[in-house]
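Each chain is listed here by its residues.
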Amino acid sequence: MRNTTKSIMTIMVARPFLLLLILAKPVYTRAQASASITPVYDEKSNIARTITIFFEGMSKGDTTMMNEVIDKHMGLQTVIDRPGQPVKIHSESKSQFLKAIAVPHKQKFEEVITNWDIRIDGVYANAWCKYKLMIQDTVMSHWGTDNFQLIKDGGKWRIMAITDTRRAPKTWVDEAPTDMVSRYEGSAALKTREELSLLINDLMNTWHKAATTADEKVFFDFMYPGGIYLGTDKTENWTKEEFEKWSKKYFEKDKAWDFTPYDRHIYFANGNAYAWFDELLNTWMGVCRGSGVLKYENGTYKLMHYNLAVTVPNEKMKEFVKLNK
């Protein structure tokens, strides 16, 4: 127990982080978007990935990996604010920090990010994160705020400064998450819903275009494994794999089918990890309605469920009912 306590104190004095939280890698390749739209979510994803690499390097004790994302002049500071005592600042150089990280540690340390916010101003960015440092998953060592400052140099984001605070576990107060990132959500909560709506519009438009150009790979790669496609006929209830087999004869042509989407509405749930939508489509059958469910994983959404339906004007419903008997 004495050695364990000594090990913990050594780590905390040398550096308060040892962040073992591995954020999902939010990498997204933009497709068919308007050139006038600034891909803000791409930049946030790149910043999140920079921090992810930083965390991964620390978890592995891999200082070479960490050097890929930190500036050569990076500085680290801890603000020590204890009741009844003057505020102190503990500073540490990059070399001291990396030396501490390279020392093997037997215990598992995991920094759980509960709230965070990424903001960008040109080539400068700031990631403000509330955290709690857990030991062996169950014991809270301390909690506070991590403040990452990043600079974009040569097209690549690098961490140029880190400041953190530390507070006693007994002062921890649970609160509603703001832009919370969890492994399950895959970093979807990093982005605003406006940004995610742009992403979904890009993905859905590209999916429909893939059918128009008979691009089978793009079309089916976007669909979630085991996902469902419902056609206009009552018998057309296919899994992704069944639908791919059925439609192969169409994708062997220059065009499988040509549906042009418009008037799309998008909704979100579960920290943006899931989204659903409805859309109107111009088709050879007239106006159709499509609706679907998307799941966010590894920096993008995948289509889990799609329902294609023919629309029938109310004044023609009786005629339609006769045809459908």
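My aim in this report is to walk through the structure given alongside it, one point at a time. Treat the numbers as computed from the prediction; the structure is a model and nothing was measured. Each chain has its residues counted from 1, running along the sequence as written. Side-chain atom pairs in this predicted model are given and counted only at pLDDT of 80 or more, local residue features only at pLDDT of at least 70, and totals for whole chains, interfaces and linings cover all residues. Note: side-chain values were computed over all heavy atoms of the structure, leaving out hydrogens and water.

Glancing now at the side chain of Thr 145. Following the sequence through the fold, Thr 145 ends up in strand S5 (residues 139–153). For the exposure calls, accessible area comes from a 1.4 Å probe over protein chains only, and a residue counts as buried if that area is under 20% of its type's maximum, exposed if over 50%, partly exposed in between. Relative accessible area serves as the criterion here: at 18%, Thr 145 is assigned to the buried category. In this structure, Thr 145 is in contact with Trp 128, Cys 129, Lys 130, Tyr 131, Thr 163, Asp 164 and Thr 165, ignoring residues within four places of it in sequence. Elements are defined by DSSP. Helices are runs of H or I of four residues or more, strands are runs of E of two residues or more, and each kind is numbered from the N terminus. Contacts: residue pairs with any heavy atoms within 4.5 Å of one another.

Right, let's talk about a nonpolar patch on the surface for a bit. Every patch collects residues that have over 30% relative accessible area and no salt bridge, joining them within 9 Å if they carry like charges and within 5 Å if they are nonpolar side chains (Val, Leu, Ile, Met, Phe, Trp, Tyr). Only the protein chains shown count as covering a residue, and every accessible area follows the Shrake-Rupley method with a 1.4 Å probe. What counts as a salt bridge is simple: a side-chain nitrogen of Lys or Arg found within 4 Å of a carboxyl oxygen of Asp or Glu. On the surface, Tyr 267, Trp 276 and Val 293 cluster together to form a nonpolar patch covering roughly 260 Å² of accessible area. With respect to the helices, strands and loops of the structure, Tyr 267 is situated in strand S9 (residues 260–269).

The next subject is the nonpolar core. Grouped together as the largest cluster of nonpolar side chains are 32 residues, with contacts concentrated most on Trp 207, Phe 219, Leu 294, Tyr 301 and Tyr 306. At the level of elements, helix H5 (193–212), helix H6 (216–221), strand S7 (223–230), helix H7 (240–251), S9, strand S10 (274–283), strand S11 (286–297) and strand S12 (300–310) are the ones that each hand at least two residues to this core. Here the element with the most residues in this core is H5; it accounts for eight residues. Setting aside chain neighbours within four positions, we find Phe 219 in contact with Trp 207, Ala 210, Ala 211, Phe 243, Phe 251 and Trp 257. Here, nonpolar core means buried Ala, Val, Leu, Ile, Met, Phe, Trp, Tyr and Cys residues that are tied together by side-chain atoms lying within 4.5 Å of each other.

What follows covers the sheet that holds strand S4 (residues 124–135). The strands making up a sheet associate through hydrogen bonds between their backbones, and the pairing can be parallel or antiparallel. Taken in spatial order, the six strands make up an open sheet running S2-S1-S6-S5-S4-S3, and their pairing is mixed. Either end of the sheet is taken by a strand with one partner, and the two such strands are strand S2 (88–93) and strand S3 (109–121). If you compare each strand with its neighbour and ignore which way they point, the axes differ by 20 degrees on average. Strands qualify as paired when DSSP identifies two bridges or more between them. Orientation is described by axes fitted as lines to C-alpha atoms, over the contacting stretch for helices, and by angles from 0 to 180 degrees between their N-to-C directions.

Strand residues, when the strand is regular, have side chains that alternate between the two faces of the sheet. Bridge analysis of S3 against S4 gives 12 bridges, and the strand direction is antiparallel. Residue Asn 115 lies in a different strand from S4, and its bridge partner there is Lys 130. Connecting S3 to the next strand, S4, in antiparallel fashion are two residues, including Gly 122 with a positive phi near 65 degrees.

Turning our attention to the side chain of His 208. Within the secondary structure, His 208 sits in helix H5. For His 208, a relative accessible area of 5% translates into the label buried. When neighbours within four sequence positions are excluded, His 208 is seen to be in contact with Phe 259, Pro 261, Arg 264, Glu 279, Leu 281 and Tyr 306.

For the rest of this paragraph, the subject is H7. Regarding H7, the residues found buried are Lys 240, Phe 243, Ser 247 and Phe 251. Looking straight down H7, one finds that the buried residues subtend no more than 70 degrees of arc, so they occupy a single side. Check the buried side of H7 and you find it contacts H5, H6, S7 and strand S8 (237–239). The arc refers to the directions leading from the helix axis to the C-beta atoms.

Here we come to the packing of aromatic side chains. For this analysis, a ring pair means two rings from Phe, Tyr or Trp (six-membered ring only for Trp) whose centres lie within 6.5 Å, classed as stacked if their planes differ by under 30 degrees, edge-to-face if by over 60, and tilted for the remaining angles. Summed over all chains, the structure comprises 27 aromatic pairs. With a centroid separation of 6.4 Å and 65 degrees between ring planes, the pair formed by Tyr 250 and Trp 257 is classed as edge-to-face. Residue classification places Tyr 250 among the partly exposed residues on the basis of a relative accessible area of 26%. Between Tyr 267 and Trp 276 the ring centres are 5.7 Å apart and the planes differ by 20 degrees, which places this aromatic pair in the stacked class. A cation sits over an aromatic face here: Lys 130 above Trp 172, 4.4 Å from the ring centre. Looking at Lys 249, its charged tip hangs above the ring of Trp 246, at a distance of 4.7 Å from the centre. Put simply, a charge is over a ring when the Lys NZ or the Arg CZ is close to the ring centre, within 6 Å, and near the line of the ring normal, within 35 degrees.

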